[in-house]
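Below are the chains, spelled out letter by letter.
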Amino acid sequence: MHLIQSTVGRKILMAVTGLLLVGFVTIHLLGNLSVFAGPDGINAYAVKLHSLGALVWVFRAAILALFVVHITFGVMLSMENSTATPSNYAIKSRMKTTFSSESMLYTGLILLAFLIYHLLHFTVQITNPEISAGTLPLDAAMRPDVFSMMVLSFQKVFISLVYIVGMIALFLHLSHGLSSFVQTFGLNNGPSLEKVTLGGKLVAVGFLLAYVAIPVLILARFVNI
Amino acid sequence: MDLTLHVWRQSGPKDKGKLETYPAKGISPDMSFLEMLDEVNEELIKTGKSPIVFDHDCREGICGMCSQTINGKAHGGQDRTTVCQLHMRSFKDGDEIFIEPWRARAFPVIKDLIVDRTALDTIMQAGGYTSCHTGGVPDGNAHPIGKPVADYAMDAAECIGCGACVAGCPNSSAMLFTSAKVAQLAVLPQGKHEAMARVMNMTDTMQAAGFGNCTNHLECEASCPKGVSVKFIAKLNREYMKALVS
Amino acid sequence: MILDGKTPTGPIEKTWDKHRFDMKLVNPSNKRKFKVLVVGTGLAGGAAAASLGELGYNVEAFCYQDSSRRAHSIAAQGGINAAKNYPNDGDSIYRLFYDTIKGGDFRAREADVWRLAQVSNNIIDQCVAQGVPFARDYAGYLDNRSFGGAQVSRTFYARGQTGQQLLLGAYSALSRQVKAGTVKMYERHEMVDLVVVDGVAKGITCRDMITGELKSYWGDAVCLATGGYVNVFYLSTNAMGCSVTAAWKAAQKGALFANPCYTQIHPTCIPQTGDHQSKLTLMSESLRNDGRCWAPKNKEDCDKAPGDIPEEDRDYYLERKYPSFGNLAPRDIASRAAKEQCDDERGVGPGKRGVYLDYATAIERVGEHTIKERYGNLFEMYEKITDENAYKRPMRIYPAPHYSMGGLWVDYNLMSNIPGLFVLGEANFSVHGANRLGASALMQGLADGYFVIPYTIAGYLATITPGVVTDEHPAFKESIEQVQAQTDKLLNIKGKKTVSEFHRELGKVMWEDVGMARSESSLKNAMQRIPEIRDEFWKNVNVTGSSNETNQQLENAGRLADFLEFAEVFTADALHREESCGGHFRTEHQTDDGEATRDDENFAYVAAWEFKGAGKAPELHKEPLKFDNVKLAVRSYK
């Protein structure tokens, strides 16, 4: 049980759960990008996903567990860190620390809030029931019309903005988190560090662009019903 | 040149402490930062005020005693420079300089700019050694150590134990300090046998001493006056995982 | 009184082994009953505390720094000697012994030096076992470099931080014992008195530098490993906290101070820039391997940029005076030669106290890249301090006080004339004679701490009953009262001058009159000036704050008070020694071309001074030096 008590052990847990969540975010993104293939893309994807049955719930439970571990230890470590630093310098000056590394707790909490909203919006479908897949008519192939739900949702500026803010938080979180994982897993030697840091940032930018492309392109009417 | 100093004054561990402003007049650019403070202190003594108390000893950047955060940066933030080797030519006439002690819960302030760093010694006592006896050891050449390994160990061993890594770290973590010793001894044949217990004990002791957790800000590396690399923290993490699975 | 160094007799190569066998031992189960106090945690003190703790003694260790890892041993750059003969170049214990005796200008005890050379090899093994990252060659074997005063490569090194690495090794061994509970560590504690009961050392009094509290500690033996005293010159390469205080407190209680006039002035230091200067920074002696020392031939050229002074107007004084050794002349000779140039008003830089160390020729010969590889870190350090690029413009260097060969008198067992008081490392006088060779200080500190004191202290402890005198004894209370009285006195003077003003004043006198070259008249001048400064100090010093808080002014005032007494004994020794040897150069005693002349007939002895009180003439005791294994010769580097 050293793992969940030790300062290094918990850091490793953060890194492992973080990386698995990045894996989830990647799969999720690939699924979402099928929106650009029109109703036959994303609606088919949704049907396929739901056909997995119990496996979906296993998957969801696993993701929930990852979130619980990642958030619990994240908050715990952050609280310990602020206790360890009781007072601030009159002048705050950082040489290497980045905004993203220092705001991990906050971007993490924003992501949590976003996640809850996202689930209420698309999964439970109670924030905008009038344009939810549960309310909208089935598509031509008699599938729940996820495509229309997405397009109608992101045509609302407010909803798009919420998603964009959420994705910016994800970008900040990952631009530290990805390279941090490499360091925590002890995969750095001296010269690799700079490349890994840059690589992590680039991947984070990739996620940002890909995710944000969905609301932006819908808002800009590149994707229409 | 003339400067305005804002110096942390705190009469004892229980005092709240605050920044006081002092003029530093006629400072020569050839002075070291500590000599500038000496000058200010002479002036304070002559005007019946109590001089600023600060830790210092060798004044050549190796003993690790000096410890001041200058304008928010440990040791003033110049590359590979301790406060005692920081020279006034890196400031300019009219500058305002904020001078504060290391700030971390594990480093309580004793007085003014002096903090208590015995927590670092406690970490070392938890395993920062090889358990060899005095006498009865093999010949120095009995275990050849390849040059790259010896150089790696030496890079880690450059640490002067000043605590700048803690002072600079947004989490007040002593991970760079701890990792430097863990890494040095882990790669040497003499230190390998105790490597697993060492990494566990030293990191646990660090945690118990009230230091924060490492979250890879890398500020420690930038703050370190000896350029100790965060690659040693990566090495510590590897050593920890090895210890965990065995 | 003629002193007995208690050196074992017989063939020199058997002396230490025979002595170790002859000494009594302390039974393992009795060891923990003995309490040993170790003051100072540099190489000697740290190694001693760790080794004694490991043997099972009940050890208490003290240092004035905030951690036992910071003593000034840490600043040694060059390396540590050992007679390993790894390079197969003809080294041996005998050769190291001989070089050390000769380097010390034949003023050290043969048996002590032999022992040092003998255990030197164990030190390297010990440090390697501790994980000290010595430099290695590509095959993985220990690397050696050569160093001044020797014709073999016997110096082990860890980059330019050998002292640091060795000290961290000792510190790690000490940390292990602290964890094991055999050593109790007192940091930020300054020893301010030695407690002597019935003529035997039984404890110390310390000032807690955080709370100001005075407290006494009892012990069955006291080991002082408190370093050297060259801060008596105010500006030196020593750390700011280095002082003679611990040793001097012992001297005040009757311990003899041996050869105080033997001080080493290191030639390659960065010159002073102004009166604000608080210390001098040393750069490794290795710089002289490629640099050429020169000064302008004409006074008028001194203010010119060095590049504007044509070749024919430069005086490469070392090459001129010592054609065979040239720029590699030993430390004392190179230092004095630099001083001569400046005394001749041909110095350069601020205050005209500096000479050039020029790399232009070397850069032309081997290229800037090679020079950078060899001395890059030193050039960087120089630039940091002076803001000058030594690749483009010659360095300015000037000698600075660096090491004290003299120290408390000890016998072969490292015990002073006060039973129970042992003195280790630079604090004692034992092995370096009148001059120390490079890379030998680290060797001595660790030899004393790891391999000598663990044996010899047993020989003493076996003869006494442990714990007979504890801090219940009235002498401890007296000691505290006496220290408190002096502290109160200092705080109540409330004069006009600061402690550092007085220290600077003393330093100036010592440097000008008792520095690199001493004459009868300069020494007599110092004998007059020192008491004047001391008297004024006790009337006009301003020590701020109180005694029950962190008070650095009070710490400095206490140290200076001791320097002011010690300086007089130092000068008296220099005045009485009517010869030039090693670090002691009397201008009256030199050959026509300025070489030191030793007087073996009259001065082949250790001068051990008994302090009789401030302002009173100290009493001289002699320990004659016998040389059965080496032939006395004139040092020549022409």
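All values derive from a computational prediction rather than experimental measurement. Every chain is numbered on its own, with residues counted from 1 as its sequence reads. Chain labels run from A onward and ligand labels from 1 onward, assigned in the order the entries are written. Totals for whole chains, interfaces and linings use all residues, but because this is a predicted model, local features are given only for residues with pLDDT of at least 70 and pairs of side-chain atoms are given and counted only at 80 or more.

### Examining the overall build of chain C
Consideration 1: Strands are runs of DSSP state E lasting at least two residues, helices are runs of H or I lasting at least four, and both sets are numbered from the N terminus onward. Secondary structure summary: chain C contains 17 helices and 19 strands in total.
Consideration 2: The globule rule used for comparison is 2.2 Å times the number of residues to the exponent 0.38, while the radius of gyration itself is calculated over C-alpha atoms. Taking 638 residues into account, the globule formula puts the C-alpha radius of gyration at 26 Å, and chain C, at 24 Å, falls close to it.
Consideration 3: C-alpha extents for chain C along the principal axes are approximately 75 × 60 × 50 Å.
Consideration 4: To assign burial, the other C-beta atoms lying within 10 Å of each residue's own C-beta are counted, with C-beta atoms placed from the backbone; 20 or more indicates buried, 12 or fewer indicates exposed, and intermediate counts indicate partly exposed. Put simply, chain C has 638 residues, and 61% of those count as buried.

### Describing the overall build of chain B
Consideration 1: The number of helices and strands found in chain B is 9 helices and 7 strands.
Consideration 2: If you line up chain B on its principal axes, its C-alpha atoms span 60 × 35 × 35 Å.
Consideration 3: Residue pairs are scored as contacts if the distance between their C-beta atoms, which are placed from the backbone, is within 7 Å. Relative to all contacts within chain B whose residues are 6 or more apart in sequence, the contacts with residues 24 or more apart total 71%.

### Some words on the sheet that holds strand β4 (residues 73-74) of chain B
Residues and elements named next belong to chain B.
Consideration 1: The 5 strands are arranged β2-β1-β5-β3-β4 in an open sheet whose pairing can be described as mixed. Edge positions in the sheet fall to β2 (18-24) and β4, since each of these pairs with one other strand and no more.
Consideration 2: Two strands qualify as a pair provided DSSP detects at least 2 bridges between them. Here strand β3 (residues 69-70) pairs with β4 via 2 bridges, running antiparallel. Bridged to I70 within β4 is K73.

### A few points about the nonpolar core
Consideration 1: Formed by 297 residues in total, the largest nonpolar core has its most connected members in C223(C), L224(C), L408(C) and L421(C).
Consideration 2: No other element matches the 13 residues that helix α12 (residues 441-461) of chain C contributes to this core.
Consideration 3: Buried Ala, Val, Leu, Ile, Met, Phe, Trp, Tyr and Cys residues form a nonpolar core when they are connected through C-beta atoms within 7 Å. Core analysis: the second largest hydrophobic core is formed by 32 residues, I42(A), M167(A), L178(A) and F181(A) among them.

### Side note on the domain arrangement of chain C
All names here are of chain C.
Consideration 1: The source of the domain bounds is an automatic or database domain assignment. In terms of domain boundaries, chain C breaks down into domain 1 (12-264 + 403-461), domain 2 (269-401) and domain 3 (474-611).
Consideration 2: Measuring from the centre of the C-alpha atoms in domain 1 to the corresponding centre in domain 3 gives 24 Å.
Consideration 3: Facing the 44 residues of domain 1 at the interface are 43 residues of domain 3.
Consideration 4: Those elements that provide at least two residues to the side of domain 1 that touches domain 3 are β6 (189-197), β7 (200-208), β8 (214-218), α7 (245-252), β10 (257-258) and β11 (263-269).

### Re the interface of chain C and chain B
Interfaces are frequently sized by the accessible area removed from exposure as the parts join.
Consideration 1: Residue-level contacts link 66 residues of chain C with 61 residues of chain B.
Consideration 2: Of all the secondary-structure elements, those providing two or more residues to the side of chain C that touches chain B are α3 (43-55), α5 (110-130), α6 (162-180), α11 (368-386), α12 and α16 (552-576) of chain C.
Consideration 3: Among the residues forming the side of chain C that touches chain B, the class breakdown is 23 nonpolar, 29 polar and 14 charged. Classes in brief: Ala, Val, Leu, Ile, Met, Phe, Trp, Tyr, Cys and Pro nonpolar; Asp, Glu, Lys and Arg charged; the others, Gly included, polar.

### A short note on the interface of chain A and chain B
Consideration 1: Across the boundary between the two partners, chain A contributes 37 residues, which contact 45 residues of chain B.
Consideration 2: With 5 residues, helix α4 (residues 54-84) of chain A is the largest single contributor of residues to the side of chain A that touches chain B.
Consideration 3: Of the residues belonging to the side of chain A that touches chain B, the class tally is 14 nonpolar, 17 polar and 6 charged.

### With respect to the packing of helix α14 (residues 499-514) of chain C against α16(C)
To characterise two packed helices, one gives the angle between the axes of the helices and the distance between these axes.
Residue and element names in this part refer to chain C.
Consideration 1: Packing of α14 against α16 brings their axes to within 10 Å, and their N-to-C directions diverge by 20 degrees. Comparing the axis directions of α14 and α16 gives the class roughly parallel. As α14 packs across α16, the resulting crossing turns out to be left-handed. Where α14 abuts α16, its residues V499, F502, H503, L506, M510 and V514 lie against Q553, N556, A557, L560, F563, L564, A567, F570, T571 and A574.
Consideration 2: Residue classes in the contact of α14 with α16 are distributed as 12 nonpolar, 4 polar and no charged. Here an angle of 0 to 180 degrees is reported between the N-to-C directions of two axes, which are lines fitted to C-alpha atoms, with helices fitted over the stretch in contact. Any angle that falls under 35 degrees is termed roughly parallel, while one over 145 is termed roughly antiparallel, one within 65 to 115 roughly perpendicular, and all others oblique. A crossing counts as left-handed when the near helix is turned anticlockwise from the far one by less than a right angle, and as right-handed when that turn is clockwise.

### Let's talk about the domain arrangement of chain B
Residues and elements named next belong to chain B.
Consideration 1: When cut into domains, chain B gives domain 1 (3-111) and domain 2 (117-130 + 143-245).
Consideration 2: Its C-alpha centre places domain 1 at a distance of 28 Å from the equivalent point of domain 2.
Consideration 3: Facing 17 residues of domain 1, the contacting portion of domain 2 comprises 18 residues.
Consideration 4: Of the residues assigned to the side of domain 1 that touches domain 2, the class counts are 7 nonpolar, 7 polar and 3 charged.

### Here we look at unusual backbone geometry
Consideration 1: We note that Q125(A) has phi near 60 degrees; this positive angle belongs to a residue other than glycine.
Consideration 2: Along the chain, the position of Q125(A) falls in the loop between α6 (104-123) and α7 (146-154).
Consideration 3: Using a count of 17 C-beta atoms within 10 Å as the deciding quantity, one classes Q125(A) as partly exposed.
Consideration 4: The backbone of K494(C) shows a phi angle near 45 degrees, a positive value even though the residue is not glycine.
Consideration 5: Topologically, K494(C) is positioned in the loop between α13 (474-493) and α14.

### Details of the pairing of strand β5 (residues 96-100) of chain B
Residue and element names in this part refer to chain B.
Consideration 1: As paired elements, strand β1 (residues 3-9) and β5 share 4 bridges and run parallel to each other. Across the sheet, the residue bridging to H6 is F98, located in β5.
Consideration 2: Where β3 and β5 come together, 2 bridges link them in antiparallel fashion. Bridge pairing in β5 links T69 to E100.

### Some points on the environment of R176(C)
Consideration 1: Along the chain, the position of R176(C) falls in helix α6.
Consideration 2: Judged by local crowding, R176(C) falls into the buried class, with 23 C-beta atoms found within 10 Å.
Consideration 3: Along the sequence, R176(C) and G53(C) sit 123 residues apart, while their C-alpha atoms lie 9.6 Å from each other.
Consideration 4: Excluding residues that lie within four positions of it along the chain, R176(C) makes contacts with Y129(B) and S131(B).

### Some points on the environment of A44(A)
Consideration 1: Note on placement: A44(A) falls in helix α3 (residues 39-51).
Consideration 2: Separated by 72 residues in the primary sequence, A44(A) and I116(A) place their C-alpha atoms 25 Å from one another.

### Here we look at the sheet that holds strand β15 (residues 395-404) of chain C
Residues and elements named next belong to chain C.
Consideration 1: The 5 strands are arranged β11-β15-β14-β12-β13 in an open sheet whose pairing can be described as antiparallel. Either end of the sheet is taken by a strand with one partner, and the two such strands are β11 and β13 (314-315).
Consideration 2: In terms of strand pairing, β11 meets β15 through 5 bridges, oriented antiparallel. The residue bridging C269 from the neighbouring strand is Y398, located in β15.
Consideration 3: Along the sheet, helix α9 (residues 331-343) makes contact with β11, β12 (292-296), β14 (355-358) and β15, crossing β11 at roughly 65 degrees.

### Some points on the pairing of strand β2 (residues 58-62) of chain C
Where a strand is regular, its side chains alternate between the two sheet faces.
Residue and element names in this part refer to chain C.
Consideration 1: Where burial is concerned, most of β2 is hidden: 5 out of the 5 residues are buried.
Consideration 2: Burial along β2 is two-sided: N58, E60 and F62 and V59 and A61, pointing in opposite directions, are all buried.
Consideration 3: For strand β1 (residues 35-39) and β2, the ladder comprises 5 bridges, and the chain directions are parallel. Looking across to β2, one finds that L37 is bridged to E60.
Consideration 4: Seen with its strands pointing away from the viewer, a crossover is right-handed when the path leading from the first strand over the helix to the second is clockwise. Regarding topology, α3 serves as the crossover connection from β1 to the parallel β2, and that connection is right-handed.
Consideration 5: Note: β2 against strand β5 (residues 183-186), 4 bridges, orientation parallel. Considered in β5, the bridge of E60 is made with K184.

### Quick look at the arrangement of the chains
Consideration 1: Inter-chain contacts occur across 2 pairs of chains; the most extensive set of contacts lies between chains B and C.
Consideration 2: A minimum C-alpha distance of 19 Å separates chain A and chain C, which share no contact.

### Observations concerning helix α2 (residues 7-33) of chain A
Two residues of an α-helix separated by three or four positions point the same way, owing to the 3.6 residues in each turn.
Consideration 1: Between the first and last residue of a helix there are one fewer steps than residues, each counted as 1.5 Å, and that sum is the expected span. Between its first and last C-alpha atoms α2(A) spans 38 Å; for 27 residues at 1.5 Å apiece the expected length is 39 Å, and the two agree.
Consideration 2: Every buried residue of α2(A) is accounted for by T7(A), V8(A), G9(A), R10(A), K11(A), L13(A), M14(A), A15(A), T17(A) and G18(A).

### Structural notes on helix α2 (residues 118-125) of chain B
Consideration 1: Counting buried residues in α2(B) gives 6 out of 8 residues, a clear majority hidden from the surface.
Consideration 2: Every buried residue of α2(B) is listed here: A119(B), L120(B), D121(B), I123(B), M124(B) and Q125(B).
Consideration 3: Looking at the buried residues of α2(B), the elements they touch are α5 (175-187) and α7 (195-208) of chain B together with α6 of chain C.
Consideration 4: With its phi angle positive at about 155 degrees, G127(B) sits one or two positions after the end of α2(B).

### Details of the environment of V38(C)
Consideration 1: Topologically, V38(C) is positioned in strand β1.
Consideration 2: For the pair V38(C) and D105(C), spaced 67 residues apart in sequence, the C-alpha separation works out to 31 Å.

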